[in-house]
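Architecture and fold: a report
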Amino acid sequence: MINSTTVEKFRDLPTPFYYYDLDVLHATCVKVKEESERSGFSIHYAVKANANPRILGIIASYGFGADCVSYNEIARAMECGFSPSTIVFAGVGKTDREIESALKARISCFNCESIAEMEVIDSIAARLKTKAVVALRINPYIEAHTHKYITTAIADSKFGISAWELKDVLDNLSSMSNITLEGIHFHVGSQITRMSVFRSLCSRVNELQEWFTSQNIDLKTINLGGGLGIDYNCPEKMPEFGEYFELVRELVRIRPGQRIHFEPGRSIVAQCGSLITKVLYIKKGSNTTFAVVDAGMTDLIRPALYQAHHEIENLTSGGQTGKYDVVGPICESSDTFAKFIELPETRRGDILAIRSAGAYGEIMASRYNLRDLPGAVFSDEL
Ligand code: LLP
């Protein structure tokens, strides 16, 4: 909660910064843990959503694993308390150096996306005299009904292995003596709000399981990736973890001894973070009033890149409402956080909160225009 005492403290801090409400993060982790344990599912937090060390430390303390997409993420996850035996390494373009470092760190599994990648992993593992455990990322060809940039399982996606290629993959794997196939992996897309998408994924998983059985392969793990969306219109709302896990428990024909894995990112961290920014200038446009703020697309790129909606609150004004475009200082027209939104009368010096920004916010910040990176402030420090 951002209450009036918190706002008073914000006044003394240099803006823009990310404010993380740790009570919200803890409450979300408790919920994910309860709901996943009820179904016997394993959680690997997708580090790409937010790799802030304090955030990672809290998530690790709940006993979750980590889903990483670079060796730097693996190293950060280990520093923050994730055990290597709970770390999976995904990504369509792992470098030789990253593969070698991950093998030496003894991570639990590589989520592999091509035969070419598996050949490299096999040869590096042979050189290191070790074995690599892998899961095959399969493209299930499912429309995620989300923004096209975060849709990852359609015919022209660069991700995953197509079902028609699987026989070839298994033939190749039989000659790779330093690779052990453990399971299959999917990730359909991100910010998925229609449960029907996950329903389709479950049916596809069942079909593919049948096929693997017909090839005499027992899969120890089925990893359904991430993707559960949040309600950007309601920053206080907890994502629908219960409904999501229950759907999978009901629909996937889980075999005895088999583990189901998930890789949620956004749903764990989005609602605990807000980007706090100060209004620099109020400026009249021909059709609108601009509130020019000191945060820009360099601090939170989601509105510019995905036309994403984030609720914006003026924390320091309760005046009569008017319509505003909230824009940043960067020299690009896409540097706009919201258009024609209702805010209480807004003046220079007011503090705004751009809500639901804990996921893909701070981590995607850049130094374009040679701007400083945004700071991070935690609720227990104020
Ligand atoms: N697993 C894999 C293989 C992924 O590629 C991703 C996200 C996740 C898990 C976590 O998905 P989540 O639960 O967070 O939806 N920057 C974009 C989102 C990119 C997501 C990339 N992959 C945004 O701001 O919306």
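These lines cover the structure that appears in this document, whether it is placed above or below. (Residues numbered from 1 in each chain as written. Predicted model: local features only at pLDDT ≥ 70, side-chain atom pairs only at ≥ 80, totals over all residues. Heavy atoms only, no water.)

Structural notes on the side chain of Ser39
Formally: Helical segments are the DSSP runs of H or I of at least four residues, strand segments are the runs of E of at least two, and each set is numbered from the N terminus. Exposure categories follow from relative accessible area, calculated using a 1.4 Å probe and restricted to protein chains: below 20% of the type maximum is buried, above 50% is exposed, and the middle band is partly exposed. Polar contact is defined as a pair of N or O atoms within 3.5 Å, subject to the rule that within protein one atom must be able to donate a hydrogen and the other to accept it, and that residues adjacent in sequence are counted only when both atoms are side-chain atoms. Any pair of residues with heavy atoms lying within 4.5 Å of one another is described as a contacting pair.
Mapped onto the secondary structure, Ser39 falls in helix α2 (residues 22-39). The exposure class of Ser39 is buried, given its relative accessible area of 14%. In terms of polar contacts, Ser39 uses its side chain to reach the side chain of Arg249, at 2.7 Å. Beyond its immediate sequence surroundings of up to four residues, Ser39 is in contact with Phe245 and Arg249.

Considering the site of the ligand
Rules: The nearness test applies per residue and asks whether one of its heavy atoms lies within 4 Å of the molecule or strand. Only the protein chains shown count as cover for residues, and all accessible areas are computed by the Shrake-Rupley method using a 1.4 Å probe. Segment limits for the domains were obtained from an automatic or database-derived domain assignment.
Near the ligand, the surroundings consist of 19 residues, among which Ser190, Glu263, Arg302, Tyr306 and Tyr360 are the closest. Interatomic distance of 3.4 Å between a side-chain N/O atom of Asp67 and a nitrogen atom of the ligand. One of the backbone nitrogen or oxygen atoms of Gly227 is found 2.9 Å away from an oxygen atom of the ligand. Contact with the protein chains removes 91% of the 590 Å² of surface that the ligand exposes when unbound. The residue makeup of the shell around the ligand includes at least three contributed by each of domain 1 (4-18 + 271-381) and domain 2 (22-268).

Some remarks on helix α3 (residues 53-61)
For α3, every residue scored as buried is listed here: Ile55, Leu56, Ile58, Ile59 and Ala60. Positive backbone phi, approximately 85°, marks Gly63, located one or two places after α3.

Brief notes about a negative patch on the surface
Just so we agree on the cut-off: Think of a patch as exposed residues, more than 30% relative accessible area, with no salt bridge, where like charges cluster within 9 Å and nonpolar side chains (Val, Leu, Ile, Met, Phe, Trp, Tyr) cluster within 5 Å. Whenever Lys or Arg places a side-chain nitrogen within 4 Å of a carboxyl oxygen from Asp or Glu, that contact is recorded as a salt bridge. For the purpose of charge, His is not counted, nor are the chain termini; Lys and Arg are scored as positive and Asp and Glu as negative. Throughout, a charge is located at the NZ atom of Lys, the CZ atom of Arg, the CG atom of Asp or the CD atom of Glu.
There is a patch of like negative charges on the surface, built from Glu240, Glu243, Glu246 and Glu250. Following the sequence through the fold, Glu250 ends up in helix α9 (residues 241-251).

Focus on the packing of aromatic side chains
What describes a pair of aromatic rings is the distance from one ring centre to the other and the angle between the planes of the rings. The following threshold applies: Aromatic pairing here means that ring centres of Phe, Tyr or Trp (its six-membered ring) are within 6.5 Å. Orientation follows from the plane angle: under 30 degrees is stacked, over 60 is edge-to-face, and everything else is tilted.
One pass over the full model with this rule turns up 15 aromatic pairs. Geometrically, the ring pair formed by Tyr62 and Phe64 is stacked, given 6.2 Å between the ring centres and 20° between the ring planes. Taken individually, Tyr62 and Phe64 each receive the classification buried, so the pair is uniform in this respect. An angle of 70° between the planes, with centres 6.5 Å apart, marks the rings of Tyr149 and Tyr306 as edge-to-face. On the criterion of sequence distance, the pair formed by Tyr149 in the loop between β6 (132-137) and α7 (166-173) and Tyr306 in helix α11 (residues 302-306) is long-range, its members being 157 residues apart.

Structural notes on the nonpolar core
The following threshold applies: Residues belong to a common nonpolar core when they are buried Ala, Val, Leu, Ile, Met, Phe, Trp, Tyr or Cys residues joined through side-chain atoms within 4.5 Å.
Residues Leu25, Ile59 and Phe110 are the most contacted members of the largest nonpolar core, which totals 102 residues. It is helix α8 (residues 195-214) that provides the largest number of residues to this core, a total of eight residues. Taken domain by domain, this core gets at least three of its residues from each of domain 1 (4-18 + 271-381) and domain 2 (22-268). Counting residues in each nonpolar core, the second largest holds nine residues, with Tyr19, Ile276, Leu315 and Val377 among its members.

Regarding unusual backbone geometry
Of note, the amide linkage connecting Thr15 to Pro16 takes the cis form, showing an omega dihedral of -5°. Checked against the element boundaries, Pro16 lands in the loop between α1 (4-10) and β1 (17-20). Non-glycine residue Lys129 carries a positive phi angle of around 55°. Looking at where Lys129 falls in the secondary structure, it is placed in the loop between α6 (115-127) and β6. Relative accessible area serves as the criterion here: at 75%, Lys129 is assigned to the exposed category. The backbone phi angle of Tyr141 is positive, close to 55°, even though this residue is not glycine. Along the chain, the position of Tyr141 falls in the loop between β6 and α7. On the basis of relative accessible area, Tyr141 is assigned to the partly exposed category, the value being 41%.

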